[in-house]
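# Structural overview for review
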Amino acid sequence: MSTFFEKRQLVTPGDMLAEGTYVAGENTYKKDDKIYASRLGLVEYKDKMVNVVALKAFYIPKLGDTVIGVIVEVGFNGWTVDIHSPYLAVLRASEVLSRPFRPQENDLSKVLNAGDLVIAKIIAYDRSHDPRLTVGEPGLGKITRGQIVKITPTKIPRVIGRNGSMVSMIKQETGSHIILGQNGLVLITGKTLENEQLAIMAIQKIENESHISGLTDRIAQAIKKEKAKQKEEVKNESKT
Amino acid sequence: MSQKHEKLIDKKGLRLDGRKPEELRSVQIEVGILPNADGSAYIQQGKNKILAGVYGPRELHPKHLALPDRTVLRCRYHMAPFSVQERKSPAPSRREIELSKVIRESLEPSIFLEYYPRTGIDLFIEVLQADGGTRCASITAASLALADAGIPMQDLVAACAAGKIDDIVVLDLMDTEDKIGSADVPVALMPNLNAITLLQMDGILTFEEFEKAVNLALEGCRKIHAMQKEALKTKYVNVKEVEE
């Protein structure tokens, strides 16, 4: 029984992580009592569990996740939604319209058209069926304003931070409203364009540097620096 | 056959490009150089220059190709018209179609295909400059591109060829050695699992020579695997250096 790496060390697919009575967790697999990594990422040993936090992955739908998607097709009784995953999601008309829905009378493209962005929740998904979405809860529905940033979905927990510390810090510092889609899309709505840009900068910085320690402090500092820069620019503009 | 041509190995025991029989060509690998692709890698092995790009797993088109129990890996190996001395027609040749299949089959065992049913992974390999041993270099680069795309896999696949020139078993043949020499044995290996995923032979070898060639090629694969890991890590370590 032994482990072969230090905590939070970078491993590549195929690296042997542990031998003996360990349990294979995320992004690992077990073969003949040995545990190997299946993705590029950072190892974590927790009791008997061996996990790899992937540096890059794609989104796999999970029941109850909030996601941000783009309508790609308007059908007879619903919409097809691209949720940046290997699978396209389905949003049924009955989930959006409260009244009974009659295909002859209602024009679905007037409600949501191709290219529209929606915040939705996954209500059904398994290996043999495409994910199904709903927008029938508060906070969900069509997106009308703001900016979208795309990051790799494995970094979403880092943007949230411990008990939401990171995201609330960014919200406070930039004065923007942030909605995180578990699929790696982030919606930012601020009072001004500058506020939104500040938040986008912060989130992109998290994506690039989340595997290096001391993240929250570094992000807070970067936001302050950027804020000062923006003020400077405003000053210069008013002078000229 | 080799008598008609100049000697491939000189009196000092060195090859045409000055390598020892058991020496690899110089290898440079870079990962993640195509921002549009989900994963990518570039390899230079001697004069070979090869680019690999991966898209997916994604919705497979045409849809009837999708399988209910696993991902479909599609692979295209293509040589640029300017990759060789004589212009190569850009249309896929018999050889390219075969190599696409060979490369696909050498990578399939390394990927957990059953994780994402009904989807497809598209792998594109573009040979920009060819100088012998492109199938091996392509496999090396393609495996890295797959890892860079975040596709779960059992192990990286490293590939390397060995062969016989002037009655001596040598590692990593270049174009002239491949054409004039008497045998070529490309091998692909999953080094951590110690599993061979590709083994071909072109030419004539005795049993002893074949065994020697395979062992030599496996050793080459392990050396290339070390460079693969290095390249994969470098992409993320560099961020750290920029910061400090």
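These numbers come from a predicted model, not from an experiment.

What counts and what doesn't
Residues numbered from 1 in each chain as written. Chains lettered and ligands numbered in written order. Predicted model: local features only at pLDDT ≥ 70, side-chain atom pairs only at ≥ 80, totals over all residues. Heavy atoms only, no water. Axes fitted to C-alpha atoms, helices over the stretch in contact; angles between N-to-C directions. Helix = DSSP H or I, 4+ residues; strand = E, 2+ residues; numbered from the N terminus. Parallel < 35°, antiparallel > 145°, perpendicular 65-115°, else oblique. Left-handed = near helix turned anticlockwise from the far one by under 90°. Contact = heavy atoms within 4.5 Å. Nonpolar A, V, L, I, M, F, W, Y, C, P; charged D, E, K, R; others polar. 1 Å grid on protein atoms, 1.4 Å probe; cavity = no way out; pocket = protein on both sides within 12 Å on 5 of 7 lines; lining within 4 Å. Points joined across faces, edges and corners; volume = space filled by probe spheres on them. Domains from an automatic or database assignment. Buried area = accessible area lost by both parts, 1.4 Å probe. Polar contact = N/O pair within 3.5 Å; in protein donor to acceptor, adjacent residues only side chain to side chain. Salt bridge = Lys/Arg side-chain N within 4 Å of Asp/Glu carboxyl O. Buried < 20%, exposed > 50% of the residue type's maximum accessible area, 1.4 Å probe, protein only. Phe/Tyr/Trp six-rings, centres within 6.5 Å; stacked < 30°, edge-to-face > 60°. Lys NZ or Arg CZ within 6 Å of the ring centre and 35° of its normal. Patch = residues over 30% accessible without salt bridge, like charges linked within 9 Å, V, L, I, M, F, W, Y side chains within 5 Å. Areas by Shrake-Rupley, 256 points an atom, 1.4 Å probe, with all protein chains shown as cover. Lys, Arg positive; Asp, Glu negative; His and termini not counted. Charge placed at Lys NZ, Arg CZ, Asp CG, Glu CD. Core = buried A, V, L, I, M, F, W, Y, C linked by side-chain atoms within 4.5 Å.

### Digging into the packing of helix H4 (residues 165-174) of chain A against helix H5 (residues 193-209) of chain A
Residues and elements named next belong to chain A. Two elements in contact, H4 and H5, have axes whose closest approach is 9 Å; the angle formed by their N-to-C orientations is 150 degrees. Our classification of the angle between H4 and H5 gives roughly antiparallel. The two elements H4 and H5 meet at a crossing, and its hand is right-handed. Facing H4, whose interface residues are Met166, Ile170, Glu173 and Thr174, H5 presents Asn195, Leu198, Ala199, Ala202, Ile203 and Ile206. Here the residues of the contact of H4 with H5 are counted per class, giving seven nonpolar, two polar and one charged.

### Quick notes on the layout of surface pockets
Residues and elements named next belong to chain A. Of the pockets and cavities examined, the largest pocket occupies roughly 1300 Å³. Lining the largest pocket we find 41 residues, and of these Glu26, Val53, Ala54, Thr154 and Pro157 sit closest to its centre. When residues of the lining of the largest pocket are traced back to their parent elements, those giving at least two are strand S7 (41-46), strand S8 (49-54), helix H3 (156-160), H4 and helix H6 (215-239). Formed jointly, the lining of the largest pocket draws a minimum of three residues from each of two domains, domain 1 (7-54) and domain 3 (147-237). By volume, the second largest pocket amounts to about 1000 Å³.

### Observations concerning the interface of chain B and chain A
In this assembly, 34 residues from chain B lie in contact with 31 residues from chain A. Interface area for chain B against chain A, summed over the two sides, is near 2800 Å², with a carbon-plus-sulfur share of 56%. Between the two partners, chain B and chain A, sit 15 residue pairs in polar contact (both at pLDDT 80 or more). Listing elements by their share of the side of chain B that touches chain A, those giving two or more residues are strand S3 (48-59), helix H2 (134-148) and helix H4 (207-243) of chain B. It is H4(B) that provides the largest number of residues to the side of chain B that touches chain A, a total of nine residues. Classifying every residue of the side of chain B that touches chain A by side-chain character gives 16 nonpolar, five polar and 13 charged.

### Thoughts on unusual backbone geometry
All names here are of chain B. Omega for the bond connecting Gly56 with Pro57 falls within 30 degrees of zero, at 0 degrees, which places this linkage in the cis form. Mapped onto the elements, Pro57 comes out in strand S3. Omega for the peptide link from His61 to Pro62 comes to -5 degrees, which places this bond in the cis form. When you line up the elements, Pro62 lands in the loop between S3 and strand S4 (72-79).

### Considerations on the pattern of salt bridges
All names here are of chain B. Per the counting criterion, the structure on display carries 30 salt bridges over all chains. A salt bridge links Arg19 to Asp172; its shortest N-O distance comes to 4.0 Å. On the criterion of sequence distance, the pair formed by Arg19 in the segment before strand S1 (27-31) and Asp172 in the loop between strand S7 (168-171) and helix H3 (175-180) is long-range, its members being 153 residues apart. The partner of Glu108 in a salt bridge is Arg104, with the nearest N and O atoms 3.7 Å apart. By relative accessible area, Glu108 is classed as partly exposed at 22%. Salt bridges sharing partners connect three or more residues here, namely Arg15, Asp17, Arg19, Arg25, Asp131, Asp172 and Glu177.

### Some details on the packing of aromatic side chains
The tally for this structure, following the rule as stated, stands at seven aromatic pairs over all chains. Note on Tyr29(A) and Phe112(B): the rings are 5.1 Å apart at their centroids and 70 degrees apart in plane angle, and the pair reads as edge-to-face. In this pair, Tyr29(A) is assigned in strand S5 (residues 28-31) and Phe112(B) in the loop between helix H1 (94-107) and strand S5 (119-129), connecting two distinct chains. Centre to centre, the rings of Tyr87(A) and Tyr125(A) are 5.9 Å apart; their planes meet at 50 degrees, and the pair counts as tilted. A residue pair is termed long-range when its members are at least 10 positions apart, and Tyr87(A) in the loop between strand S10 (78-82) and strand S11 (89-92) and Tyr125(A) in strand S12 (residues 117-126) qualify at 38 residues. Feature note: the residues Tyr29(A), Tyr36(A), Phe58(A), Phe112(B), Tyr115(B) and Tyr116(B) constitute an aromatic cluster, connected by ring pairs. The ring of Phe58(A) carries Arg39(A) above its face, with NZ or CZ at 5.3 Å from the centroid.

### Regarding the domain arrangement of chain A
Here the domain parsing of chain A yields domain 1 (7-54), domain 2 (66-142) and domain 3 (147-237). Just the C-alpha atoms count here: the centres of domain 1 of chain A and domain 3 of chain A sit 31 Å apart.

### What to know about a negative patch on the surface
Residues and elements named next belong to chain A. A surface patch of negative charge is lined by Glu194, Glu232, Glu233 and Glu237. Looking at the negative patch, the element that brings in the most residues is H6, giving three residues. Summarising the element assignment, Glu232 is placed in helix H6.

### Observations regarding the nonpolar core
Here is a general trend for soluble globular proteins: nonpolar side chains tend to be buried in one another's company. Residues Val54(B), Leu107(B), Leu123(B), Ile125(B), Ile139(B), Leu146(B) and Ile151(B) are the most contacted members of the largest nonpolar core, which totals 56 residues. For this core, the element with the highest residue contribution is H2(B), accounting for nine residues. Ignoring sequence-local partners within four residues, the contact set of Leu146(B) consists of Val54(B), Leu107(B), Ile111(B), Ile121(B), Ile151(B) and Met153(B). Counting 23 residues, the second-largest nonpolar core is a separate cluster that includes Val81(A), Leu112(A), Ile119(A) and Ile122(A).

### Focus on empty space enclosed by the protein
Residues and elements named next belong to chain A. Throughout the structure, instances matching the rule amount to two cavities of 30 Å³ or more. When its volume is computed, the largest cavity comes out at roughly 60 Å³. Considering the residues around the largest cavity, the lining is formed by Leu42, Val53, Ala54, Leu55, Thr154, Lys155, Arg158, Ser210 and His211. Across the lining of the largest cavity, the residue classes tally to four nonpolar, three polar and two charged.

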